[in-house]
Each structure stands twice: as C-alpha cells, then as structure tokens.
Amino acid sequence: PLAPRAGRLTLSQRVQGHPLSIQLLAGRFAETATDLASFLTTIEAELEAAEQITPTSLEDPERQKTLYACIDYSVKRLTPEQRRVLDTVSLFQAPFLSEYAAYVLNDEEQTPVHLQSLVRLGLLTSIVKTFKEGELILLDLHPMLRWYIQHHLSGMDAALQERYGQVYEHLARQAYRP
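Observations concerning the overall build of the protein
Step number 1: Along the protein, the regular secondary structure elements total 9 helices and 2 strands.
Step number 2: Shown N-terminal to C-terminal, the secondary structure of the protein runs as helices and strands in the order α-α-α-α-α-α-α-β-β-α-α.
Step number 3: Considered along the principal axes of its C-alpha atoms, the protein spans approximately 60 × 35 × 30 Å.
Step number 4: Within the protein, buried positions represent 41% of all 178 residues.
Step number 5: As displayed, the protein offers around 10400 Å² of accessible surface, 54% of which is attributable to carbon and sulfur atoms.
Step number 6: In the protein, which carries 17 positive and 22 negative side-chain charges, the distance between the mean positions of the two groups comes to 4 Å.

This is how it looks when you write it as structure tokens:
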C-alpha cells in the first residue's frame, strides 16, 4: 500500500511473482523513506550479484535464483542479534511458540522483540490458531529460508541445541501426561 500500482507491478515482474520474494522486499522497502522505483533501482545491482552466486537447485533455477537473491538481500541487513535469532529458530522444523525461541536463546526480554521484527520483515510467518480457550500465536520459517540459513550457517552452539532439546522434552512430557 506504500507504493503506486505501477511500482508494485514492476516489483512483481522483477521477482517473477514469487510471494516470498515480494514479502521480503516489501519488508525492507517499508523501512526506507524512498519511493518503490528508487528502491528497486538501488537494490538491483545487489540482487543481480546474489543471483550469480545462487547454489544450484534441482527445480526452476531461474526462479530460485531470484528468490535466493531476495532472501540474501533481506538477511544481510539484519542486525547481529536478529541474525542470531533467525539462525536459532531454524532449528524448529514446525511452527513454534515465541516462548520456546526465547527459552532456547535464554533471553525472554529481547527475543520477542527480534521475532516481531523478523515477522515484519517477512522472514518469519505468524500463524494465529483460535480455540475456545483463546488464541495461539505460532511462528514459522518458510522452507526456502530454512534452506538458505542452513546453507550459510557456520555452526550451532551446543548450549542452544541442548536448550532446544529441552523444549521438546518438555512438550513430550506434556503430551504424555494423563
């Protein structure tokens, strides 16, 4: 909504209509004080460079390289703290509660703030499930983002992995309680 229709069409054509690519670039565009045409002109060289270094893909390499470039553009602009949170939540193979991520990262104060930023930037998806007891808000990571992170992840801290295991141990205990 921050851009005129012609600019939105240009963006959609540039990323071949891929919804995640549009979402990622829209998240970054929303942080700028420029118009969409200027934004796209500014980032074009960086997207082209990222497309050239895209790892090979088995399916639709032309479209995958554009998606890879948009992911790369967005992830490279994260703060170190946001990147640490994103890398860590890539451990979760299914939708997860923000409280679980905060527990794994051992930071109940800043982790929710970083998770909200990642949702706003399109790097995480927020899913609201409504039950008679209330709402459950889950976060999820797109499979292509998970692939990108795993491809660029240097290694995961053993303490983080241990806390991740504790989250699932807790869930298993809850599930098997009478």
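Some points on the nonpolar core
Step number 1: Formed by 48 residues in total, the largest nonpolar core has its most connected members in Leu-25, Leu-86, Val-89, Phe-92 and Leu-123.
Step number 2: Broken down by element, the residue count for this core peaks at 7 residues, all from helix H4 (residues 61-76).
Step number 3: If sequence neighbours within four positions are ignored, Val-89 has contacts with Phe-96, Ala-101, Leu-115, Leu-124, Leu-141 and Arg-146.

Description of the environment of Phe-39
Step number 1: Tracing the backbone through its elements, the reader meets Phe-39 in helix H3 (residues 36-52).
Step number 2: A relative accessible area of 4% means that Phe-39 is categorised as buried.
Step number 3: Between the C-alpha atoms of Phe-39 and Leu-136, which are 97 residues apart in sequence, the distance is 36 Å.
Step number 4: Leaving out residues up to four positions away in the same chain, Phe-39 has contacts with Leu-25, Arg-28, Phe-29, Thr-32, Thr-34 and Tyr-73.

A closer look at the side chain of Arg-146
Step number 1: Tracing the sequence through the fold places Arg-146 in helix H8 (residues 143-152).
Step number 2: Assessed through its relative accessible area of 12%, Arg-146 is described here as buried.
Step number 3: Non-local contacts of Arg-146, meaning those with residues more than four positions away in its chain, are made with Val-89, Ser-90, Phe-92, Gln-93, Asp-140 and Leu-141.

Some details on the pairing of strand E2 (residues 134-140)
Step number 1: In this sheet, E2 lies alongside strand E1 (residues 125-131) in antiparallel orientation, the contact comprising 7 bridges. Each residue of the ladder has a partner; that of Ile-127, found in E2, is Leu-138.
Step number 2: If you look at the hairpin formed by E1 and E2, you'll find 2 residues sitting between the two strands.

Brief notes about the packing of aromatic side chains
Step number 1: Per the counting criterion, the structure on display carries 8 aromatic pairs.
Step number 2: An angle of 15° between the planes, with centres 4.5 Å apart, marks the rings of Phe-92 and Phe-96 as stacked. This pair shows no difference in class: Phe-92 is buried, exactly as Phe-96 is.
Step number 3: Following the ring pairs from residue to residue traces out a cluster consisting of Phe-92, Phe-96, Tyr-164 and Tyr-168.

About the thresholds
- Residues numbered from 1 in each chain as written.
- Predicted model: local features only at pLDDT ≥ 70, side-chain atom pairs only at ≥ 80, totals over all residues.
- Heavy atoms only, no water.
- Helix = DSSP H or I, 4+ residues; strand = E, 2+ residues; numbered from the N terminus.
- Buried < 20%, exposed > 50% of the residue type's maximum accessible area, 1.4 Å probe, protein only.
- Areas by Shrake-Rupley, 256 points an atom, 1.4 Å probe, with all protein chains shown as cover.
- Lys, Arg positive; Asp, Glu negative; His and termini not counted.
- Charge placed at Lys NZ, Arg CZ, Asp CG, Glu CD.
- Core = buried A, V, L, I, M, F, W, Y, C linked by side-chain atoms within 4.5 Å.
- Contact = heavy atoms within 4.5 Å.
- Pairing = 2+ DSSP bridges.
- Phe/Tyr/Trp six-rings, centres within 6.5 Å; stacked < 30°, edge-to-face > 60°.

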